[in-house]
Structures are given as structure tokens and as C-alpha cells.
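# Survey of secondary and tertiary structure
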Amino acid sequence: MITPEIRLDEVSKFYGEVLGVNRVTLRIPPGITSLVGPNGSGKTTLMNLITGLVHPDRGTIEVRGISPRNPEQLMRFTGYATQYDAAPRGATGYEFVSAGLLLYGYSSEEARRMAWKALERVSLTDAANRKVAAYSKGMRQRVRLAQAIAHDPEVLVLDEPLNGLDPLVRAETIALFREFANRGRHVVLSSHVLQEVDVISDQVILIANGMIIAEGQIRGVRDEMHEHPSQFLIRCRDASRIASILFEMDHVTEIKLHEDRLGMLVWTRSRQEFSRALTRIAGNGSPIDSVMAADENVDALYEYLIGGGR
Amino acid sequence: MINNSFRLRQVWMIARLQLRRVFFARRSLWVYLLAFFPAIIFIGHGIEVKIKRERWGGHAVTTPAKLDSVREGDTEEEVIAKAGTPITDQRFRRRDEEEPERRYMRYYDGTRQVNLWFRSGLLVQKSTSNLIDFEEDRQVYAGVFQYFYLRLAIFFGCLGIFMNLFRGEMMDKTLHFWMLTPVRREVLLAGKYLAGLIAAVVIFTGGALFCFAAMLWPQETAEVQAFWRDGGASHAFWYAAAAALASLGYGSVFLAAGLLVRNPIIPAAVLLLWEGINGFLPAVLQKLSVLYYVQSLCPVPAPMDSDTPALARMLLAPAEPAPAATAVLGLLAVTALVLWFASRAVTRLEINYSTD
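Source: prediction; values computed, not measured.

Another aspect to go through is the overall build of chain B. Within chain B one finds 13 helices and four strands. In terms of overall dimensions, chain B is more spread out than a globule: its C-alpha atoms have a radius of gyration of 27 Å, far above the 21 Å expected for 356 residues. Taken across its 356 residues, chain B has 48% of its residues classed as buried. The long-range fraction of contacts in chain B, counting pairs at least 24 apart against all pairs at least 6 apart in sequence, stands at 74%. Carbon and sulfur atoms make up 63% of the accessible area of chain B, which amounts to about 17,200 Å² in all. When the 37 positive and 31 negative side-chain charges of chain B are each reduced to one mean point, those points stand 14 Å apart.

So, on to the confidence of the model for chain A. Averaged over all residues, the pLDDT of chain A equals 86, while 89% of them reach at least 70. Helix α11 (residues 299–307) of chain A is the least confidently modelled element of chain A, averaging 55 in pLDDT, while strand β6 (residues 155–158) of chain A averages 97, the highest of any element.

Residue and element names in this part refer to chain B. A cluster of nonpolar side chains, contributed by L285, L288, L337, W340 and F341, occupies part of the molecular surface with about 500 Å² of accessible area. In terms of residue count, helix α13 (residues 324–347) provides more of the nonpolar patch than any other element does, three residues in total. Relative to the assigned elements, L288 resides in the loop between α10 (283–286) and α11 (290–297).

Each side of the interface is counted separately: chain A has 30 residues, and chain B has 29 residues. A buried area of about 2,700 Å², summed over both sides, lies between chain A and chain B, and 63% of it is on carbon and sulfur atoms. Contact with chain B buries surface across chain A, with A:L53, A:E72 and A:L103 losing the most and accounting together for 30% of the total. At the boundary of chain A with chain B, the tally comes to three salt bridges. With a closest N to O distance of 2.8 Å, B:E350 and A:K13 form a salt bridge. Where chain A meets chain B, there are nine residue pairs in polar contact (both at pLDDT 80 or more). For the side of chain A that touches chain B, the secondary structure elements donating two or more residues are β1 (6–15), α2 (71–74) and α3 (93–102) of chain A. When residues of the side of chain A that touches chain B are assigned to their parent elements, the largest contribution, five residues, is made by α3(A).

In this section: the nonpolar core. Among the nonpolar cores identified, the biggest contains 156 residues, and B:F145, B:F162, B:F166 and B:Y250 are the most heavily contacted of them. The residues touching B:F145, leaving out its near neighbours within four places in the chain, are B:L150, B:A208, B:Y239, B:A242, B:A243 and B:C298. In this structure, A:A239, A:M264, A:A277 and A:I281 belong to the second largest nonpolar core, which totals 16 residues.

Let us look at the sheet that holds β1(A). Residue and element names in this part refer to chain A. As summarised here, the arrangement of the three strands in space is β2-β1-β4, forming an open sheet in which the pairing is antiparallel. The sheet is open, and its two borders are formed by β2 (18–28) and β4 (58–63), each paired with just one other strand. On average, each strand axis in the sheet is inclined to that of its neighbour by 25 degrees, with strand direction left out of account. Across seven bridges, the pairing between β1 and β2 is antiparallel. Across the sheet, residue K13 finds its bridge partner in β2, namely V21.

A few words on the sheet that holds strand β3 (residues 31–36) of chain A. Residue and element names in this part refer to chain A. Strand order in the open sheet formed by six strands is β5-β6-β7-β3-β8-β9, and the pairing between neighbours is mixed. Among the strands making up the open sheet, the edge pair consists of β5 (78–81) and β9 (211–217). Going from strand to strand, the sheet's axes swing by 15 degrees on average, the running direction of each strand aside. Examined bridge by bridge, strand β8 (residues 203–208) and β9 share six bridges and lie antiparallel to one another. For I207, the partnering residue across the bridge sits in β9 and is I212.

Before going further, it helps to spend a moment on the domain arrangement of chain B. Its domain assignment divides chain B into domain 1 (4–49 + 133–355) and domain 2 (59–130). The centre of domain 1 of chain B, based on its C-alpha atoms, is set 49 Å off from the matching centre of domain 2 of chain B.

By secondary structure assignment, the location of A:T92 is in the loop between β5 and α3. If near-sequence neighbours (up to four positions away) are discounted, A:T92 is found in contact with A:A128, A:N129, A:R130, A:K131 and A:V132.

This part covers the packing of helix α2 (residues 29–57) of chain B against helix α5 (residues 134–172) of chain B. Residue and element names in this part refer to chain B. Put simply, α2 and α5 touch, their axes get as near as 8 Å, and they point 165 degrees apart. When the axis of α2 is compared with that of α5, the two are roughly antiparallel. Of the two elements, α2 crosses α5, and the hand of that crossing is right-handed. Seen from α2, the contacting residues are W30, V31, L34, A35, F37, P38, F42 and H45; seen from α5, they are D137, V140, Y141, V144, F148, Y149, A153, F156, G157, G160 and I161.

Moving on: the packing of α5(B) against α11(B). Residue and element names in this part refer to chain B. Where α5 meets α11, the axes come as close as 11 Å, and the angle between the chain directions of the two elements is 140 degrees. As summarised for this structure, α5 and α11 are arranged oblique, according to the angle between their axes. The element α5 and its partner α11 pack so that their crossing is right-handed. Residues Q146, L150 and R151 of α5 form the contact with α11, whose participating residues are L291, V294 and Q295. Grouping the constituent residues of the contact of α5 with α11 by class yields three nonpolar, two polar and one charged.

With respect to the helices, strands and loops of the structure, B:T85 is situated in the loop between α4 (76–83) and β1 (88–92). In sequence terms B:T85 and B:W340 are 255 residues apart; their C-alpha atoms lie 71 Å from each other.

Moving on, we come to the packing of aromatic side chains. One pass over the full model with this rule turns up 28 aromatic pairs over all chains. Aromatic side chains B:F212 and B:Y239 sit 5.8 Å apart centroid to centroid with 50 degrees between the ring planes, which places their arrangement in the tilted category. Taken together, the residues B:F212 in helix α7 (residues 185–216) and B:Y239 in helix α8 (residues 221–260) connect sequence positions 27 residues apart. Take B:F212 and B:Y239: they sit in the same class, and that class is buried. One aromatic cluster is present, formed by B:F42, B:F134, B:Y141, B:F145, B:Y149, B:F204, B:F212, B:F227, B:W228 and B:Y239 through successive ring pairs. The lysine or arginine in question, A:R183, covers the ring of A:F180, its NZ or CZ lying 5.8 Å from the ring centre. The ring centre of B:F134 lies 5.9 Å from the NZ or CZ of B:R138, which sits over that ring.

This paragraph deals with the pattern of salt bridges. Once their charged atoms are close, side chains differing in charge can pair, the charge on each being opposite to the other. All names here are of chain B. Counted under the stated rule, the structure contains 31 salt bridges over all chains. For R112, the salt bridge is made with D68, and the minimal N-O distance between the two is 3.4 Å. Residue R112 is located in strand β3 (residues 112–119), and its partner D68 is located in helix α3 (residues 64–68); the two are separated by 44 residues in the primary sequence.

Rules and cut-offs
- Residues numbered from 1 in each chain as written.
- Chains lettered and ligands numbered in written order.
- Predicted model: local features only at pLDDT ≥ 70, side-chain atom pairs only at ≥ 80, totals over all residues.
- Heavy atoms only, no water.
- Helix = DSSP H or I, 4+ residues; strand = E, 2+ residues; numbered from the N terminus.
- Rg over C-alpha atoms; globule rule 2.2 N^0.38 Å.
- Buried < 20%, exposed > 50% of the residue type's maximum accessible area, 1.4 Å probe, protein only.
- Contact = heavy atoms within 4.5 Å.
- Areas by Shrake-Rupley, 256 points an atom, 1.4 Å probe, with all protein chains shown as cover.
- Lys, Arg positive; Asp, Glu negative; His and termini not counted.
- Charge placed at Lys NZ, Arg CZ, Asp CG, Glu CD.
- pLDDT = per-residue confidence, 0-100.
- Patch = residues over 30% accessible without salt bridge, like charges linked within 9 Å, V, L, I, M, F, W, Y side chains within 5 Å.
- Salt bridge = Lys/Arg side-chain N within 4 Å of Asp/Glu carboxyl O.
- Buried area = accessible area lost by both parts, 1.4 Å probe.
- Polar contact = N/O pair within 3.5 Å; in protein donor to acceptor, adjacent residues only side chain to side chain.
- Core = buried A, V, L, I, M, F, W, Y, C linked by side-chain atoms within 4.5 Å.
- Pairing = 2+ DSSP bridges.
- Axes fitted to C-alpha atoms, helices over the stretch in contact; angles between N-to-C directions.
- Domains from an automatic or database assignment.
- Parallel < 35°, antiparallel > 145°, perpendicular 65-115°, else oblique.
- Left-handed = near helix turned anticlockwise from the far one by under 90°.
- Nonpolar A, V, L, I, M, F, W, Y, C, P; charged D, E, K, R; others polar.
- Phe/Tyr/Trp six-rings, centres within 6.5 Å; stacked < 30°, edge-to-face > 60°.
- Lys NZ or Arg CZ within 6 Å of the ring centre and 35° of its normal.

Take a look at the structure:
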């Protein structure tokens, strides 16, 4: 019987002297699993290891009981949308998706039908006969997804699949992942934006410097995240006065005034309370020109998690 | 169901999908240039012969007997009386000498051109040459085929075609398309090799035969007919076979090289040197060469001028040829050996675009 999980045992991968991942042991159950980490943390290496594009220097990997060194069997039930365009120069979206299906042994007619179905699922039928080279970033993202799901895989691996998608398509794509997961399949995706995967993942694996630093259900990581101070950049005319007001508040942990005295960087443990405080300050006659979140990517959270909290 | 028949279908499918990339890749343009460059030279030669034949044939053609009767020492008037009006007649005098006027006449008998030089009204030199010399052209073709086509055109053409099958796709960041399909790596290798081989054989066998046809095109009809009766088809076949087998052999070597090294210049230089010194190598090592076998199949030995420099003579001199059957089987054995090494390498191949 096929083990319905992805297992990595003590897996290490080095590129010469550069670390890819180091001694990674994981059990990934079916559902949506997000690999989250800053750029260069080892997310893509981990996905390449799972799909057999690279081989581990140490350790073993099994995807539902099959070794990634056996692509003939592995890729029958696995689809991988990488971050690179694989379409040959001059190929249309339809040609790109249908070409791969022929290698599964499907007849031309079956491949045609399945390719159109996949393109339909990513809302790309209108542009299917246009050349991939002329696609926008979001369309390329979708055609790669279409190619990965065209053979209806049990395991779907996706490298930064939400990059470049507009909000509507993003929502449709997330619904597609959820549908896969609800059918007992694996959806493993990567992102460097924790907030992005927060709402869609069943489990999250946090990775940094090639090592797993946290894994588990999203709730636990979310709690950690809520503890993590958010950074905001404020531009205003009376920075010193506003800073002194904010510093009196419990949720504000740190303030750095800008050299020009017309702005500041504020660390807060509560976005809601911080938002209410700013409204009050502005209402009391201290004009605020702009407020901008300064730590939308996950790097700051990592720093926080690895460092054990500020 | 996965069985060998299914895998063979996958090989063919990969080859079909790959063929478009091989034939129409921008970086393959120079391969076509290499393959058809000799044909362009021969066509140019043929056009020149045809034009001369047309132009000179438009004048009154002098019979060979009349031209043979012209002797050195004849006066200009006597020559004209014997042979009639020449097709070319030029008078000239050198500025720095106070010599009498010189005169040059050319006659054409439908096959040969006869050149006559006069001084002081007397014929001082007579030379005869064929407008086109079939035997000489065949020798030139043999030289072009063995020195240029086999050693350079097919060699570098296969480098361009076969190195690109893996290394080129790695550079384009498209190789993962194939590696994410349910295909054994050895099957992928076979499919890509088949695509490269089909392209190389079509381009280089086509180029060799096209060049052969271009060489025959301006020849005298009677000579060409005699050539076909006398085993000409066998010559064409062996040239085509040599081109195809060279593609087979060099293709396997460069396919393997594309899996093992990033820079194509290194394997190309090493192999070029190895093939170049093949004639000096011990008999056992000579057999580990593509050139050794394919040169053995060529129907006409490559000409070597007596004034060729010693070093060039050493490098160009072919090794002692092997019998045709041995050559074909030997080349197939070398190719199988190289492909076996390539199949080991392809199972270890990894996608790592960032380092390429």
C-alpha cells in the first residue's frame, strides 16, 4: 500500500560548498503545506529534492512510497510548477500543456481534452492559442500551473505559485489548491510571504538557512506571528511629539526617529491598537502624512523566531 | 502499462517534440551554413562553367582537329587561317619595355579551351585545358569531404546540435520540462539523441549529397552517364553513409560531453586534437576514433599535394583504412560505448540553473 505522505529523513544537499538544505527530516501529510522562508533559505531546493530535479547528498526521500530517483513512477502522480518557464520558444500555451501529456501515454485526443480542461481551471482558455513568450507574468504563472495539474496529480508542488497573480485569479487559484487538498491530495507550495499562506495552509514549514526552524499547523505559527512586533514607517511634521505619545503605549516596543525629524519607524505588538492610537493622535490635531507597513515579508519574523523574540 | 514498447513510444515522442527545437533553433543557423558551404562553392564553380560554355558555345566552335593542327611558330595569319576567328582576341604591350606588341587568342572546341600567346606575330606558347575536368572535380570533392566536411563541418555541426540537447536547455532553463515527465532518464537520453541524430543526418547527409550533385551538375552529360554506369551510385552512397555515421559517432560523443561539462570548447578541442593525431596513434587507440572509421568508408582517397607542408601532411594523412564492415561495426561499437557512459551520467543529472 502506498504511504500517503512525503517523507524526508536526514536529507542534506550541498551545491559545492554552498548549503542547500541540511539534515532535514519531515513528514508531510496530505493537505496544503506551505514552505515559508526568505529568499535563499532552501525552499526551492527542498521542492527540487522532492520532485527529483536534484538528488540528496545524504538522507532518503519518499513521495507516497516512491523514490524521486524513479521519475517514471513519481511523475505519474506528481506535478511541479517551477518558477522557470519551460515552454519552448514559439510554443503556445495550449501546445506547452498538451506536449507533456503525450509522454504520459495519452492519445492526442485525450491530451487535447485534458490540456483544455487544465487551461480552463486556471482561466487561461482565451489566451491558450497565444505564444507563451507573449504572456504576462501572471499568465505564465497560470500556464505553469495548468501544466502541473493537467494529468490530475496526487501530489502538487508549486514554487511561489501566487507571485504575479491579480487578486481575482489569486482567489481562484487558492480555491483550486483547496479543492485538491480536500480530495486527500498533497499541495506543497512555497512562499516568502507568511501572511500570504496564512489563510490557505493546513500546515506550515518555516525554513531558514537550509534548516527547518518550525513546522506544524498554521495556528501555532500564527500565534508566534501575532507575538512578533510589526514595523510601521510614519511620516509626519511633528515626529518627536507623536513618538513621545506612542512610546507611552504598552504595545509599542521600540521607536526610531528619522534623521530629518519628519518620520519614524515604530515596532508594535498589536496592529489593531496601533491603528486606533494613530486615529486618536490624528483626531487630536497632529497631522500624519502617511503610514506604511515596513515588514511585509517574512524576513523580520524569521529574525524574530531564530533570535527567540525581541 | 509501463513496458519496453511504451518506453520506445516515449523515445519517439520525445524525439518528435525535440525535433522542432533542433531544426529551428536560432543557435543552429551556423550548422546549416557549415553543411551547405561546400555545395555553395561547387555551385559557384558550376555556374562559371555553364556561363563560359554558354558564352563560348555562342561563337563558332572550332573543331579539335583544326586546333590540333596549330603549331608553335605559326604566324597569326596562319593560325587564323587554320582555326578561324578566336573567341577571345587581345593585343597588349608592356609599358616599361620597348618590346613588340603581344597578342593572346583563345579558341574553344566544345570541351577544351586552347590558349595561344603570340610575340612579334609568331605563336610562342600554346596551352590546352578542359573547360571542366570531371576527374579533377571528383578529387576536389574527395578532399573537401574528408578535410573539411568530416573533420570540421560535421564535427562542429554535431557539437552545436548535440551539446545543445542538454546543455543548451540547461542554459535556457527549460530542461526541467523533460525531467518532470514520467520518463526514465535513459529514455530521455535516447529520445534526445534520436532527435539530434535525425537532424544531423538530414542536414549533413543532405549537405554531402547536395554538394555531390552540385559537383556533377556542370559535367559533360556523357561523362556523368558513364560515371553512374561505373558505380557512381555506390560513391554517393558511401559518402552519404560516411556523413551519417560521422553524425552518429560525433553526436554520441558531444551528447555525453553536454552531460559532463559546461564549456563545449574543452571537449571540442580535446576531441579535435585526438582526431587530428589519429594517424600517429598505435593501432589500438586509432580504433577509438570516429574519423578513423568514417574515412575508411570514403570511396575516393583524399588528394595530398606533394608541396603540402610536412606538419600539415602529418596531421591530414589518414590512418590505414579499415574494411567497410569493420569500419561500420567499429563505429557502432564506439558509439554504443559512449552512449552507455552518457546513460550513467544522465541518471545523475541535476537541475541547477543558478550555476549555469
